[in-house]
Amino acid sequence: MCGLFGFSNYSNDKIKNLSDLTNSLAEQSAVRGTDATGIAFTSSGGINIIKDSKSAYRMNFKHPDVKALIGHTRHSTQGSEKKNYNNHPFVGKCRNSKFALAHNGVLCNDRELRKSLNLPKTKIETDSYIAVQLIESKKTLDFESIKYMAEKTDGSFSYSLLDEENNIYLVKGDSPLSI
């Protein structure tokens, strides 16, 4: 399984050595997966993603002072980690916002959903990407579209999402999630 991590800074104070905190969180999550590591954060009003097919122990994240961040350490179950587009977080786009999504778990109905809901084919080979497509199909990022996504996906999961306004959404299914 994979690992999810992140933080949200509610104060107006800068956190010293914020990139060090990110790297430490990623390394602590690496126990859940070492095939790939990635983070998502907002900067200049947009979603930024840094990811690579490397263990968190081999990554060295550098990012600006940010208010919120989500991250993912991957244990590949579907889709090669060598193709970076298969690695998390993924970017999604709705009318009201772009967002990033990371998933921990294994989904067993992604192909059926893609077919029955006539969702577009994509080069991304993971089961996880269906979560992005389900939210995008509702054309808005809100609690209702996230609820729809979580209720449609079968299998084990926890999801983390980050929008352009630095809101972090967490969805806990059968996979571990500690706050």
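For the structure, check the block above.
The notes below deal with the structure included here. All values derive from a computational prediction rather than experimental measurement.

Now for the pattern of salt bridges. Under the criterion given, the structure shown has four salt bridges. The partner of K54 in a salt bridge is D52, with the nearest N and O atoms 3.9 Å apart. According to the relative accessible area criterion, K54 is partly exposed, its value standing at 27%. Judged by its relative accessible area of 27%, D52 falls in the partly exposed class.

Across all of its chains, the model carries one cavity of 30 Å³ or more by this definition. In this structure, the largest cavity encloses a volume near 60 Å³. Taken together, C2, R74, H75, S76, T77, Q78, H88, G105, T126, D127 and S128 form the lining of the largest cavity. The residue makeup of the lining of the largest cavity, split by class, is one nonpolar, eight polar and two charged.

To continue, consider the sheet that holds strand β5 (residues 90-93). Through backbone hydrogen bonds, the strands of a sheet pair up, either in parallel or in antiparallel fashion. Reading across the sheet, the four strands line up as β5-β6-β7-β8 and stay open at both edges, with antiparallel pairing between neighbours. Each having just a single partner strand, β5 and β8 (168-172) make up the two edges of the open sheet. When strand polarity is set aside, the average angle formed by the axes of neighbouring strands in this sheet is 25°. Sheet analysis places β5 next to strand β6 (residues 98-107), joined by four bridges and oriented antiparallel. Residue pairing across strands places V91 opposite A100, the latter belonging to β6.

Conventions used here
Residues numbered from 1 in each chain as written. Predicted model: local features only at pLDDT ≥ 70, side-chain atom pairs only at ≥ 80, totals over all residues. Heavy atoms only, no water. Salt bridge = Lys/Arg side-chain N within 4 Å of Asp/Glu carboxyl O. Buried < 20%, exposed > 50% of the residue type's maximum accessible area, 1.4 Å probe, protein only. 1 Å grid on protein atoms, 1.4 Å probe; cavity = no way out; pocket = protein on both sides within 12 Å on 5 of 7 lines; lining within 4 Å. Points joined across faces, edges and corners; volume = space filled by probe spheres on them. Nonpolar A, V, L, I, M, F, W, Y, C, P; charged D, E, K, R; others polar. Pairing = 2+ DSSP bridges. Helix = DSSP H or I, 4+ residues; strand = E, 2+ residues; numbered from the N terminus. Axes fitted to C-alpha atoms, helices over the stretch in contact; angles between N-to-C directions.

On their own, these measurements won't tell you what the molecule is for.
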